[in-house]
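The residues making up each chain are set out below.
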Amino acid sequence: AQLDTLDIIVLSVILLGTAAYLTKGKYWGITKDPYAASFANANGLKAGKTRNIIEKMDESGKNCVIFYGSQTGTAEDYASRLAKEGKSRYGLETMVADLEDYDYENLDVIPEDKVVMFVLATYGEGEPTDNAVDFYEFITGEDVSFSESSDDTPLGNLNYVAFGLGNNTYEHYNSMVRNVDKALEKLGGHRIGAAGEGDDGAGTMEEDFLAWKDPMWAALAEKMGLEEREAVYEPIFGIVERDNLTKDSHEVYLGEPNKMHLEGTAKGPFNAHNPYIAPITESRELFSVKDRNCLHMEIDISGSNMTYQTGDHIAIWPTNPGHEVDLFLNILGLENKKDTVISVKALEPTAKVPFPTPTTFDAIIRYHLEIGAPVSRQFLGTLAAFAPDESVKAEMAKLGSDKDYFQDKISKNHYNITRTLSLVSNGKSWTNIPFSAFIEGLTKLQPRYYSISSSSVVQPKKISVTAVVENQLIPGRVDPFKGVATNYLLALKQKQNGDPNPEPFGETYEIMGPRNKYDGIHVPVHVRHSNFKLPSDPSKPVILVGPGTGVAPMRGFVQERAKQAASGEDVGRTLLFFGCRKRNEDFLYESEWEEYKNALGDNFEMITAFSREGAKKVYVQHRLKEKAQEINELLLKKAYIYVCGDAANMAREVNTVLAQIIAEQRGVPESKGEEIVKNMRAANQYQEDVW
Ligand code: FAD
């Protein structure tokens with residue numbers, strides 16, 4: 001049966017591949033996020049330029065488009081998975097599309113026999129993701145108008161499917177999918193199946209998605225008259241070995257994010273498609289305990305045309321640790337091919353290669369795939385067909401189909417793909433999996449965001465980062481889980497502080513970057529602008545709540561106000577609530593606050609909560625309560641309040657406590673207190689930067 005499947009793959013590759021490629025070498029299979037736009041965009045490889053989705057579907061013979069609104073790659077990944085499943089189980093001709101690549105005025109003339117799916121993440125305060133802003137404003141706009149229909153139900157022809165990715169710890173839970181669904185329905189669209197909602201807050205995103213999609217497919221099959229068939233894995237990309245190239249050939253990408261970087265001509269604009277390779281000019285440890293690390297880094301952007309404003313985010317582009325790259329290559333039996341040069345070619349017109357090629361297996365795994373993330377259950381089901389023997393195949397199929405079994409064996413330990421494969425096969429290598437399955441089934445390695453901890457008024461060309469290193473023991477695992485970006489940063493810090501071969505917690509990184517281009521301690525970054533902003537009038541009072549690394553943007557805010565005060569401006573009251581475990585362990589920037597106090601005088605007050613010093617745990621929310629009277633008075637004077645850090649518990653509790661404070665102090669019912677807080681949020685008087 002395995003051979004049969006492989007035969008089918010080879011056959012489909014041959015059928016779809018171009019003759020030119022066929023003559024050159026061996027196919028390995030096909031790629032991930034076949035449809036992802038970012039690298040393709042940066043390299044001018046965009047598959048077709050039209051912004052007309054109907055035209056695009058017609059010219060590529062598609063009858064189902066899956067639009068995604070994605071910030072961190074998960075929605076994009078789910079969109080790809082729906083596309084693959086629609087094709088393999090129901091023979092739908094699917095394509096994935098980035099919402100920002102198309103116009104929507106012609107959704108009214110989309111033929112009834114086509115399906116439009118929306119996979120929409122909600123970001124921050126109920127906002128659309130960056131790539132979905134235009135679509136969201138269009139579809140929910142008061143005066144939305146379409147190319148032809150002008151009646152009340154212009155979308156009467158539209159058959160759509162909707163799934164949202166959200167987090168119940170945020171107030172506007174899944175508001176994107178809810179609002180879009182409402183808007184489409186109001187415009188006459190016909191939703192097929194339920195509008196699904198995945199909850200990251202409860203940690204059930206993946207299972208929510210899996211539980212939603214089966215009834216959706218059943219409803220879709222019935223509505224469109226589709227026949228379910230035995231799912232066959234069909235690769236979307238062909239991978240061809242380039243025997244005439246070596247990893248030293250100048251045209252081979254060894255991790256360079258795009259052509260400009262390969263050719264040494266990188267220039268702005270620097271953004272999510274094009275990072276700036278920034279020098280790290282200073283780095284140090286902020287904690288004074290042995291087993292936990294928090295890094296302070298200064299990133300120099302003076303050589304770029306990037307700018308930032310206090311309260312913005314910086315994105316750090318990490319690379320995977322060498323040991324994990326090697327384990328991944330080994331379990332696939334690719335260890336001797338790690339430097340083999342390959343080209344990845346889209347075998348169908350709407351697919352886009354998610355990274356530049358020609359490249360090597362090593363570079364793809366190290367720079368472009370999220371190999372450290374917990375593995376998805378659906379992916380294991382897909383890989384079962386390629387197991388090294390029948391018993392392993394049965395085990396994989398069971399893991400893929402039995403939710404509780406998967407939870408117990410894999411999920412609760414947060415195993416990644418490599419560990420899972422190796423565990424299931426008992427170390428036997430998996431040489432039958434087409435490499436493309438990984439490019440399709442794993443998320444693209446994502447940049448990580450950090451709240452900038454400096455003020456742009458104080459240091460416009462240097463960005464401070466405050467990052468706690470993820471290194472936690474998860475019960476059931478022998479070794480701690482290590483965060484990808486933060487351990488890479490830790491290695492960079494060690495290197496900068498004189499260690500020639502840093503190995504934080506035994507991990508090594510390609511610190512010098514592809515072809516040693518990052519020589520002298522550099523890190524790829526870009527800046528993302530945020531709405532987390534001080535009032536333009538510095539005399540307005542501010543209340544800052546930032547425990548742990550949540551203090552990062554607050555440091556920028558206080559720095560800025562101290563500078564304003566020093567230059568003679570009238571700066572209002574600044575109350576800073578900070579919390580950590582112990583004063584002498586993890587009190588971030590302890591000595592700096594005194595300096596700011598010197599500039600700001602009695603108008604600055606820092607209120608601390610140390611959770612592990614007394615018999616009772618004290619958190620910032622308790623301190624807020626103790627200051628109830630002043631907080632209420634400041635709010636009545638139109639103080640701005642800012643909350644940064646942990647979204648799951650802290651930010652939510654601060655919200656609750658604030659409503660209680662207002663209710664008590666003003667003698668109104670708690671429901672009224674809640675309403676006042678809600679209105680403060682709507683008026684931007686209450687701002688959150690939480691993760
Ligand atoms: P990752 O590898 O991404 O892992 C992150 C977490 O996922 C782990 O803690 C773990 O719980 C889980 N996980 C993932 N894979 C596995 C696995 N295989 N096994 C077990 N567990 C796993 N952080 C800061 O320190 N400072 C900031 O100022 C800051 N600002 C932020 C601002 C914004 C807007 C956002 C969205 C996030 C911010 N963060 C900040 C968080 C930061 O972006 C990263 O998420 C964090 O540093 C962890 O990144 P990492 O790559 O080291 O860990």
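Note that the structure is predicted; figures quoted are calculated from it, not measured.

Novice: Requested: an account of the overall build of the chain, with residues and values cited.
Specialist: Scanning the chain from N- to C-terminus turns up 24 helices and 23 strands. Against the globule reference of 26 Å for 691 residues, the chain gives a C-alpha radius of gyration of 26 Å, in line with a compact fold. C-alpha atoms of the chain, sized along the principal axes, occupy 75 × 70 × 50 Å. Per-residue burial over the chain gives 57% buried out of 691 residues. Partitioning the intrachain contacts of the chain with sequence separation of at least 6 by distance along the chain shows that 79% fall at a separation of at least 24. Put simply, the chain shows about 28,100 Å² of open surface, and 48% of that area lies on carbon and sulfur atoms.

Novice: Tell me what's going on with the site of the ligand, and back it up with residues and numbers.
Specialist: Residues in close proximity to the ligand total 24 residues, the closest being Gly372, Tyr449, Tyr450, Ala485 and Thr486. Within the contact set of the ligand, an oxygen atom lies 2.8 Å away from a side-chain nitrogen or oxygen of Glu470. Within the complex, the protein chains bury 82% of what would otherwise be the 960 Å² of accessible surface of the ligand. Within the residue set of the shell around the ligand, elements represented by two or more residues are β14 (448-451), β15 (462-468) and α17 (484-496). Per-element tally for the shell around the ligand: the top contributor is β14, with four residues. The residue makeup of the shell around the ligand, split by class, is twelve nonpolar, nine polar and three charged.

Novice: Give me the lowdown on the environment of Lys617, citing residues and values where you can.
Specialist: For Lys617, the location among the structural elements is in the loop between β21 (604-610) and α21 (620-626). Since its relative accessible area comes to 46%, Lys617 is described here as partly exposed. Spatially, the C-alpha atoms of Lys617 and Val144 are 52 Å apart, while their sequence positions differ by 473 residues. Those residues in contact with Lys617 that lie beyond four places of it in its chain are Ser611, Arg612 and His622.

Novice: Describe the nonpolar core, naming the residues involved and giving the relevant values.
Specialist: Leu332, Ile417, Leu421, Trp430, Phe435 and Phe438 are the most contacted members of the largest nonpolar core, which has 44 residues in total. The greatest single-element share of this core, amounting to four residues, is contributed by helix α10 (residues 322-331). Core analysis: the next-biggest nonpolar cluster, separate from the first, contains 32 residues, Ile314, Ile452, Ala467 and Leu492 among them.

Novice: Kindly report on the pairing of β21, identifying the contributing residues and their values.
Specialist: The side chains of a regular strand alternate, first on one face of the sheet and then on the other. Taking burial as the measure, the seven residues of β21 include five buried ones, the bulk of the element. In this structure, strand β20 (residues 574-580) lies alongside β21, joined through seven bridges in parallel fashion. Note on β21: the bridge partner recorded for Thr574 is Phe604.

Novice: A description of the state of the cysteines should follow, citing residues and the corresponding values.
Specialist: Applying the stated criterion across every chain, the model contains zero disulfides. Free cysteine: Cys644, not disulfide-bonded; nearest cysteine sulfur from Cys294 at 12 Å.

Novice: Residues and numbers for helix α13 (residues 390-401), please.
Specialist: Compared with the 16 Å implied by 1.5 Å per residue over twelve residues, the 16 Å span of α13 between its first and last C-alpha is a close match. Listing the buried residues of α13 in full gives Val392, Met396, Leu399 and Gly400. Around the axis of α13, the buried residues are gathered within 100 degrees of arc, so they sit on the same side. The exposed set on the far side of α13, more than 90 degrees from its buried face, consists of Glu390, Ser391 and Ser401. Structurally, α13 contributes buried residues whose contacts are with α12 (377-383), α14 (403-409) and α15 (417-424).

Novice: Hey, could you go over the packing of helix α18 (residues 552-566) against helix α20 (residues 590-600) for me, with residue numbers and the actual values?
Specialist: In the contact formed by α18 and α20, the axes pass within 8 Å of each other and the chain directions differ by 35 degrees. In terms of crossing hand, the pair formed by α18 and α20 is left-handed. Along its contact with α18, which presents Arg555, Val558, Gln559, Arg561, Ala562 and Ala565, the element α20 presents Glu592, Trp593, Tyr596, Ala599 and Leu600. Of the residues belonging to the contact of α18 with α20, the class tally is seven nonpolar, one polar and three charged.

Novice: Tell me about the packing of aromatic side chains, and name the residues and values.
Specialist: Applying the stated criterion across every chain yields a total of 26 aromatic pairs. Each ring, one from Tyr233 and one from Phe386, has its centre 5.6 Å from the other, and the planes form 85 degrees; the classification is edge-to-face. One end of the pair, Tyr233, is in the loop between α8 (205-224) and β8 (237-241); the other, Phe386, is in the loop between α12 and α13, with 153 residues separating them in the sequence. For the residue pair Tyr233 and Phe386, the accessibility class agrees, reading buried in each case. Measuring from ring centre to ring centre gives 5.1 Å for Phe270 and Tyr276, while their planes differ by 55 degrees; the resulting arrangement is tilted.

Novice: Go over the pattern of salt bridges with me, naming the residues and quoting the values.
Specialist: This structure, assessed with the given rule, holds 46 salt bridges. A salt bridge links Lys482 to Glu507; the nearest nitrogen and oxygen atoms lie 3.2 Å apart. With Lys482 in strand β17 (residues 481-482) and Glu507 in the loop between α17 and β18 (522-528), this pair connects stretches of sequence that are 25 residues apart. What emerges from the salt-bridge pattern is a single network uniting Glu85, Arg89, Lys213, Asp214 and Glu228.

Novice: So, unusual backbone geometry: which residues are in play, and what are the values?
Specialist: Pro269 follows Gly268 through a cis peptide bond whose omega is 0 degrees. Residue Pro358 follows Thr357 across a cis peptide bond; omega there is 5 degrees. As for its placement among the helices and strands, Pro358 is situated in the loop between β12 (341-346) and β13 (359-360). For Asn174, which is not a glycine, the phi torsion comes out positive at approximately 50 degrees. Structurally, Asn174 is set in the loop between β5 (159-166) and α7 (175-186). By relative accessible area, which is 0% here, Asn174 ends up buried. Even without being a glycine, Asn426 presents a positive backbone phi close to 60 degrees. Structurally, Asn426 is set in the loop between α15 and α16 (436-441).

Calculation criteria
- Residues numbered from 1 in each chain as written.
- Predicted model: local features only at pLDDT ≥ 70, side-chain atom pairs only at ≥ 80, totals over all residues.
- Heavy atoms only, no water.
- Helix = DSSP H or I, 4+ residues; strand = E, 2+ residues; numbered from the N terminus.
- Rg over C-alpha atoms; globule rule 2.2 N^0.38 Å.
- Buried < 20%, exposed > 50% of the residue type's maximum accessible area, 1.4 Å probe, protein only.
- Contact = heavy atoms within 4.5 Å.
- Areas by Shrake-Rupley, 256 points an atom, 1.4 Å probe, with all protein chains shown as cover.
- Near = heavy atom within 4 Å.
- Polar contact = N/O pair within 3.5 Å; in protein donor to acceptor, adjacent residues only side chain to side chain.
- Nonpolar A, V, L, I, M, F, W, Y, C, P; charged D, E, K, R; others polar.
- Core = buried A, V, L, I, M, F, W, Y, C linked by side-chain atoms within 4.5 Å.
- Pairing = 2+ DSSP bridges.
- Disulfide = S-S within 2.5 Å.
- Expected span 1.5 Å × (residues − 1).
- Arc of directions from axis to C-beta.
- Axes fitted to C-alpha atoms, helices over the stretch in contact; angles between N-to-C directions.
- Left-handed = near helix turned anticlockwise from the far one by under 90°.
- Phe/Tyr/Trp six-rings, centres within 6.5 Å; stacked < 30°, edge-to-face > 60°.
- Salt bridge = Lys/Arg side-chain N within 4 Å of Asp/Glu carboxyl O.

Shape is all these values report; function is a separate question.
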